[in-house]
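Below are the chains, spelled out letter by letter.
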Amino acid sequence: MSRRADVADVPGLVERARAGEARAVARLISLVEDESPILREVMAALAPHTGHAQVIGVTGSPGVGKSTSTSALVTELRRHDKRVGVLAVDPSSPFSGGALLGDRVRMQDHALDREVYIRSMASRGHLGGLAWTTPQALRVLDAAGCDVILVETVGVGQSEVEIAGLADTTMVLLAPGMGDGIQAAKAGILEIGDLYVVNKADRDGAEQVRRDLRSMLQLGDRPEGSWRQPIVLTVAQRGEGLDEVVVQIERHRRWLEESGELQRRRARRARDEIEAIAVTALRARWGDVHGRSELDGLAAAVVAGTTDPYAAADELLADL
């Protein structure tokens, strides 16, 4: 599709996406991922239709069963007649730059369900377990009428805490027999979870993981009225325990609304999104700083001691 056709068809794409047409949703997310020149027009058209979806982050170390749990959770949510979107963020291929694992392959049970939309997104080197364009892709699925959007992170372990700033509810998965499962939690996972799920609970050690996790959570200093994170045992491969996960997600949603935390989280999410877009625009406006001729003169002045790096940087910024 040409850029001219894209420009002419933005309202049509949005309307078709709102009607649940998967190809229109896919096209809009592709415009987001490609940072299309008409992305601002797309976001403006989507804005009036956003703010309704419940965003649930699914994170945890590799091997705990995130994709299986996500698929089982989709099944349970569909039993509650929810329209579900899934953004599965995967590592990037070093050759194509695309999503390396392709979670859609692992969620084929939902391939023919028109009320489920699953999209794999490449992280493209972005740290924190998400892709840089994930917030905008969320807006597309929100405007497309999804009641719940599941965001499955890459699975990089302890550094994967960015999801907490994006989701209304962050679900952290652990599993028995992982060796350092609780150790990984100590390094930051415990700080971001709203709901903890011990998957593969049919294995030995599941109850011990739950006890250890509960003990660690009780060490935290929580103010009166704060959310108490539940711990649920599941066997996602057999769909066991997912009904309780949905119950706890709904409990957390009610607490978020009643406490005002939902509005605070979404305002913080919007602020971070605006800041990221503004910084990216500044970088683009700045251009290739290494190619600027005045940089050589400033560098020489710093070497000669006639100015300092901060003053030189201020002078360079003054021309921006």
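Along each chain, residue indices are assigned from 1 in the same order as the chain's sequence is written. Totals for whole chains, interfaces and linings use every residue, but because this is a predicted model, local features are given only for residues with pLDDT of at least 70 and side-chain atom pairs only at 80 or more, for both listing and counting. Only hydrogens and water are removed before side-chain values are computed, so all heavy atoms of the structure are retained for them.

### With respect to helix α5 (residues 134-143)
Under the scheme applied here, a residue whose accessible area is under 20% of the maximum for its type counts as buried, over 50% as exposed, and between as partly exposed, the area being computed with a 1.4 Å probe on protein chains only. Helix numbering and strand numbering both begin at the N terminus, where a helix is a DSSP run of H or I of at least 4 residues and a strand a DSSP run of E of at least 2. With 9 of its 10 residues buried, α5 lies for the most part within the structure. Buried within α5 we find Thr134, Pro135, Gln136, Ala137, Leu138, Val140, Leu141, Asp142 and Ala143. Positive phi shows up at Gly145, right after α5, with a value of about 95°.

### Quick word on the packing of helix α4 (residues 66-79) against helix α8 (residues 242-259)
Convention adopted: a line fitted to C-alpha atoms gives each axis, helices being fitted over their contacting stretch, and angles between N-to-C directions are expressed from 0 to 180 degrees. The geometry of α4 relative to α8 is characterised by a closest axis approach of 9 Å and an angle of 75° between their N-to-C directions. In terms of their interaxial angle, α4 and α8 are classed as roughly perpendicular. Residues Ser69, Ala72, Leu73, Glu76 and Leu77 of α4 touch α8, and the partners they reach there are Leu242, Asp243, Val245, Val246 and Ile249. Across the contact of α4 with α8, the residue classes tally to 7 nonpolar, 1 polar and 2 charged. Any angle between 65 and 115 degrees counts as roughly perpendicular, while under 35 counts as roughly parallel, over 145 as roughly antiparallel, and the rest as oblique. Whether two residues touch is decided by their heavy atoms; if any such pair falls within 4.5 Å, the residues are in contact. Asp, Glu, Lys and Arg are counted as charged, while Ala, Val, Leu, Ile, Met, Phe, Trp, Tyr, Cys and Pro are counted as nonpolar; the rest, among them Gly, fall into the polar class.

### Here's the deal with the side chain of Arg269
You can see Arg269 is positioned in helix α9 (residues 261-286). Using a relative accessible area of 15% as the deciding quantity, one classes Arg269 as buried. For Arg269, the residues in contact, after removing those within four places along its chain, are Val55, Gly165, Leu166, Ala167 and Asp168.

### Some remarks on the side chain of Arg265
Note that Arg265 resides in helix α9. Owing to a relative accessible area of 14%, Arg265 belongs among the buried residues under this scheme. Residues in contact with Arg265, not counting those within four places in the same chain, are Ala167, Asp168, Asp194, His252 and Leu256.

### Thoughts on the confidence of the model for the protein chain
You can read pLDDT as the predictor saying how much it trusts each residue, on a scale of 0 to 100. Chain-level statistics for the protein chain give a pLDDT mean of 83 and a share of 81% at 70 or above. Mean pLDDT per element in the protein chain: helix α6 (residues 181-192) is the minimum at 61, and α8 is the maximum at 97. In the model, residues 1-8 has pLDDT below 50 throughout and makes 8 contacts with residues more than four positions away in sequence or in other chains. Between residues 92-104, whose pLDDT stays under 50, and residues either more than four places distant or in other chains, the model counts 33 contacts.

### Section: the pairing of strand β2 (residues 84-90)
Along β2, 7 of the 7 residues are buried, which leaves the element largely enclosed by surrounding structure. Every second residue of β2 is oriented toward a common face, with Val84, Val86, Ala88 and Asp90 on one face and Gly85, Leu87 and Val89 on the other, all of them buried. Here 5 bridges tie β2 to strand β4 (residues 148-152), and the two strands are oriented parallel to one another. Bridging from a neighbouring strand, Val84 pairs with Val148 of β4. Criterion used throughout: strands pair if DSSP finds at least two bridges between them.

### Observations concerning the pairing of strand β1 (residues 54-60)
Of all 7 residues making up β1, 7 are buried, and the element is well covered by its neighbours. The alternating pattern of β1 places Gln54, Ile56, Val58 and Gly60 and Val55, Gly57 and Thr59 on opposite faces, both of which are buried. Pairing of β1 with β4, which is carried by 5 bridges, proceeds in the parallel orientation. Paired with Val55 across the bridge in β4 is Ile149.

### Regarding the pattern of salt bridges
A carboxyl oxygen of Asp or Glu within 4 Å of a side-chain nitrogen of Lys or Arg is what we treat as a salt bridge. A complete count under the given rule lists 17 salt bridges for this structure. A salt bridge links Arg16 to Glu21, with the shortest nitrogen-to-oxygen separation between them at 3.3 Å. Residue classification places Arg16 among the partly exposed residues on the basis of a relative accessible area of 29%. Between Glu207 and Arg210 there is a salt bridge whose closest N-O contact spans 2.8 Å. Remark: Arg210 and Glu207 occur in helix α7 (residues 206-218); sequence separation between them is 3 residues, near one turn of the helix. Overall, the relative accessible area of 36% leaves Glu207 in the partly exposed class. Given the relative accessible area of 19%, Arg210 is considered buried. Several salt bridges converge on common partners, so that one network encompasses Asp194, Glu261, Arg264 and Arg265.

### A closer look at unusual backbone geometry
The phi dihedral of Glu35 falls on the positive side, at around 50°, and the residue is not glycine. Looking at where Glu35 falls in the secondary structure, it is placed in the loop between α2 (22-33) and α3 (39-46). Phi is positive for Asp81, close to 65°, though the residue is something other than glycine. With respect to the secondary-structure elements, Asp81 resides in the loop between α4 and β2. Residue Asp81 is classed as exposed on the basis of its relative accessible area of 63%.

### Details of the packing of aromatic side chains
Aromatic ring pairs: the centre-centre distance and the angle between the two ring planes describe each pair. For this analysis, a ring pair means two rings from Phe, Tyr or Trp (six-membered ring only for Trp) whose centres lie within 6.5 Å, classed as stacked if their planes differ by under 30 degrees, edge-to-face if by over 60, and tilted for the remaining angles. Under the criterion given, the structure shown has 1 aromatic pair. Plain terms: the ring middles of Trp227 and Trp255 are 5.9 Å apart, the flat faces sit at 45° to each other, and that makes the pair tilted. A residue pair is termed long-range when its members are at least 10 positions apart, and Trp227 in the loop between α7 and β7 (231-233) and Trp255 in helix α8 qualify at 28 residues.

### Overview of the environment of Ile118
Looking at the element boundaries, Ile118 is found in strand β3 (residues 116-122). Taking the relative accessible area as the measure of exposure, Ile118 reaches 12% and is therefore buried. Between the alpha carbons of Ile118 and Val84 there is a distance of 8.5 Å; along the sequence they are 34 residues apart.

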